[in-house]
Amino acid sequence: MTKAMTGAKMVVQALKDQGVEVVFGYPGGAVLPIYDELFQQNDIRHVLVRHEQAATHAAEGYARSTGKPGVVLVTSGPGATNAVTGITDALMDSIPMVVLSGQVPTFLIGSDGFQEADTVGITRPCTKHNWLVKDTDRLSATIHEAFHVATSGRPGPVLVDIPKDVQFASAEYQPKSKAKTDRYQPRIKGDMEMITRLVEALETAERPILYTGGGVINSGPAASQLLRELVDATGVPITSTLMGLGAYPASGRNWLGMLGMHGLYEANLAMHGCDLMINVGARFDDRITGRIDAFSPRSRKAHIDIDPSSINKVIATDFPILGDVGHVLEDVLRLWKARGRKVNREAIQRWWAQIEDWKKTDCLRFEPAKEVIRPQHAVARLEALTKGRDRYITTEVGQHQMWAAQYLGFEDPNRWMTSGGLGTMGYGFPASIGVQVAHPDALVINVAGEASWLMNMQEMGTAIQYRLPVKQFILNNERLGMVRQWQELLHGERYSQSWSEALPDFVKLAEAFGAKGIQCSDPADLDDAIQEMLDYDGPVIFDCLVEKHENCFPMIPSGEPHNKMLLGQASTKDAIKSGGAVLV
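What counts and what doesn't
Residues numbered from 1 in each chain as written. Predicted model: local features only at pLDDT ≥ 70, side-chain atom pairs only at ≥ 80, totals over all residues. Heavy atoms only, no water. UniProt positions renumbered as here; feature names shortened; annotations may be inferred. Helix = DSSP H or I, 4+ residues; strand = E, 2+ residues; numbered from the N terminus. Rg over C-alpha atoms; globule rule 2.2 N^0.38 Å. Areas by Shrake-Rupley, 256 points an atom, 1.4 Å probe, with all protein chains shown as cover. Lys, Arg positive; Asp, Glu negative; His and termini not counted. Charge placed at Lys NZ, Arg CZ, Asp CG, Glu CD. Buried < 20%, exposed > 50% of the residue type's maximum accessible area, 1.4 Å probe, protein only. Pairing = 2+ DSSP bridges. Right-handed = clockwise from strand over helix to strand, strands pointing away. Phe/Tyr/Trp six-rings, centres within 6.5 Å; stacked < 30°, edge-to-face > 60°. Lys NZ or Arg CZ within 6 Å of the ring centre and 35° of its normal. Contact = heavy atoms within 4.5 Å. Axes fitted to C-alpha atoms, helices over the stretch in contact; angles between N-to-C directions. Domains from an automatic or database assignment. Buried area = accessible area lost by both parts, 1.4 Å probe. Salt bridge = Lys/Arg side-chain N within 4 Å of Asp/Glu carboxyl O. Polar contact = N/O pair within 3.5 Å; in protein donor to acceptor, adjacent residues only side chain to side chain. Nonpolar A, V, L, I, M, F, W, Y, C, P; charged D, E, K, R; others polar.

The name given to the chain in an unreviewed UniProt entry is Acetolactate synthase, and the organism recorded there is Roseivivax marinus. As recorded by UniProt, the Catalytic activity (unreviewed entry) comment attached to the chain reads in full: "2 pyruvate + H(+) = (2S)-2-acetolactate + CO2". The Sequence similarities (unreviewed entry) comment attached to the chain in UniProt states, word for word, "Belongs to the TPP enzyme family."

Chemist: Explain the overall build of the chain to me, using residue names and the numbers behind them.
Modeler: Looking only at helices and strands, one finds 24 helices and 20 strands in the chain. Over its C-alpha atoms the chain spans a radius of gyration of 25 Å, differing by no more than 12% from the 25 Å that the globule rule assigns to 584 residues. Principal axes of the C-alpha set define a box for the chain whose edges measure 70 × 60 × 40 Å. Looking at the chain as shown, the accessible area adds up to about 22700 Å², and 49% of this sits on carbon and sulfur atoms. If you average the places of the 58 positive and of the 69 negative side-chain charges in the chain, the two averages end up 5 Å apart.

Chemist: Any details on the pairing of strand E2 (residues 22-25)? Residues and values, ideally.
Modeler: It is a general feature of regular strands that their side chains alternate between the two faces of the sheet. Alternating residues of E2 divide into Val22 and Phe24 and Val23 and Gly25, and every residue in both groups is buried. Inspection of the sheet shows E2 paired to strand E3 (residues 45-48) by four bridges, in the parallel sense. Within E3, the residue paired with Phe24 across the bridge is Val47. Assessed by its sense of winding, the connection that carries the chain from E2 through helix H2 (residues 32-39) to E3 is right-handed. One ladder, built from two bridges, connects E2 with strand E4 (residues 70-74); its direction is parallel. Looking at the pairing, Gly25 lines up with Leu73 of E4.

Chemist: Summarise the packing of aromatic side chains; cite the residues concerned and give the values.
Modeler: For the structure on display, the rule yields 11 aromatic pairs. Ring geometry for Trp453 and Phe506: centres 5.9 Å apart, planes at 75°, overall edge-to-face. In this pair, Trp453 sits in helix H19 (residues 450-454) while Phe506 sits in helix H22 (residues 506-513), placing the two residues 53 residues apart along the sequence. Under the relative-accessibility criterion, Trp453 is labelled buried at 0%. Relative accessible area serves as the criterion here: at 1%, Phe506 is assigned to the buried category. Grouped by ring-pair contacts, the aromatic residues Tyr211, Phe284 and Phe295 constitute a single cluster. Lying over the aromatic face of Trp499, Arg479 brings its terminal NZ or CZ to 3.8 Å of the ring centre.

Chemist: Break down the sheet that holds strand E20 (residues 540-545) for me, with residues and values.
Modeler: Taken together, the six strands give an open sheet; going across it, the order is E16-E15-E17-E18-E20-E19, and neighbouring strands pair in parallel fashion. Looking along the sheet, the strands with just one partner apiece sit at the ends: strand E16 (416-417) and strand E19 (516-520). In this sheet, E16 lies alongside strand E15 (residues 391-395) in parallel orientation, the contact comprising two bridges. Following the sheet pairing, Ile393 is matched in E16 by Trp416. Those strands touched by H22 are strand E18 (471-476), E19 and E20, and its axis lies near 170° from that of E19.

Chemist: Which residues make up the UniProt feature "domain: Thiamine pyrophosphate enzyme N-terminal TPP-binding" (unreviewed entry) in the chain, and what values do they have?
Modeler: Look at the UniProt record and you will see "domain: Thiamine pyrophosphate enzyme N-terminal TPP-binding" (unreviewed entry) annotated at residues 5-120. Between the C-alpha atoms that bound residues 5-120 the distance is 25 Å, and the span itself is 43% helix and 19% strand.

Chemist: Go over the domain arrangement of the chain, please, and point to the residues and values.
Modeler: Parsing the chain into structural domains produces domain 1 (4-178), domain 2 (192-360) and domain 3 (375-545). Counting residues at the interface gives 16 residues for domain 2 and 18 residues for domain 3. Carbon and sulfur atoms make up 64% of the surface buried where domain 2 meets domain 3, a total of about 1400 Å² over both sides. Of all residues in domain 2, the largest losses of buried area upon contact with domain 3 belong to Leu242, Leu245 and His262, amounting jointly to 41% of the total for that side. In this structure, the connection of domain 2 to domain 3 is made through zero salt bridges. Summed over the shared surface of domain 2 and domain 3, the result is six residue pairs in polar contact (both at pLDDT 80 or more). Here the side of domain 2 that touches domain 3 is composed, by residue class, of 10 nonpolar, four polar and two charged.

Chemist: Lay out the pattern of salt bridges in plain terms, naming residues and giving numbers.
Modeler: Counting across every chain of the model gives 23 salt bridges. For Asp293, the salt bridge is made with Arg291, and the minimal N-O distance between the two is 2.7 Å. Each of Lys189, Asp331 and Arg334 takes part in salt bridges that share partners, so that together they form one network.

What follows is the structure, given as structure tokens:
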């Protein structure tokens, strides 16, 4: 039997019905009734961030490390507009998130009232769906529908805008069990005829490759297990996008490493030279394809994706399969086994011989310096000293992000949180907070650049308030590193606004917040300093002073095909002139 309650109480009850344990938010006038209800209960924990953008990134970190939707609560006007960057980030990276925003009373909407903004209009392009609830009778059902939309099909962010008078008014509460969700039921089973054609192609392919993305991880743990079984049973090489790291273990014998603009030489050349490309839960992003007209020109291509708008959007495919990755992989494996577990093993053996020859390039090789810490060395030592631990990694965006993807190994899904599609500087620190809230006993490290980290540095207050022992591992080159690298390679070494000239003392900054600060500049001290960071039971800012002009390689130059890669300190002009990779 339904019961009458205020809209504010409905919100909290709906969150409880949905199994929500944590809300990330920041109060304001238009959501005070909801905050008052949160105060009067103990089932849902609220984490007070210092900026609404941080609330969304923290919710993303929570969602990506747990598989549950992240929940955000913000006020009207600037509270909602501050959340837009994180909402867009979640849309690009397919992260389930439910944002609840306050709004001015219904009778003031359109009057330019205090802290009024057209939140539904502003967020329409960056959400899967959004709602303005003007009737308390519809509030609880709308929230339940929002959770369904956020988590079904291709995950993503949704927003429910709730006027203040709707929060005060009373109506009948509709429980989750009575919510109508039939309006949105994405297809999860793939077409068996197309799956059969794909299996037939797999049986005869001479140079197959699996190209995997974040969709494998979003599908759930079963999808990653099915992927591993398929790879190990067929012997097919596998590569991954930035978002898909961990779906197949980095220690796996068929692993080629990450592909793309800063991906591995062997992964990109294998993608270029394959005759069957099986895209599992990726979206043919421009950072993967390079110049589209030269992308893997001699291969037949399959695309498995739950989002119909992604298939044939960028690259025309021969085997388009709409459905949930986990369900489709299950059918592929079942059918392949039933047909006799056939692959062209002799040809695949020759294919592996070619790949092993490409691997000899050793594109991630570097020599540690004696006088200064090279950033690759710093990340490699972080990997060595944390490998095998219960570890979660977040990153900011830039060179450090790519070095982390190259030198850190991920054995399991949901352990790697980074901003892929939108490339949001300021993402990593609040994301690490969300991960630590979800996994209080785990080691959570944010690999950062000093410029990105400063964008949400205020969240040190959140880490201290909630005793979250997040480790901020800052590769400090005193530069906007990736911007500077592009200016060196593509803009005639004209370093326009890419040097930071007024950086804080990060050790003192940490101490000002009540955290621990560590600075390291000598390679000989690096291991001990990292261990000190790991041993400290609390938040740490680790200021790792690294070589200021180190470039991140390999690199596909902008506008070039994915088989033309810079492998060292060479100019883009030389790389193009050579017709292929340049190794220096």
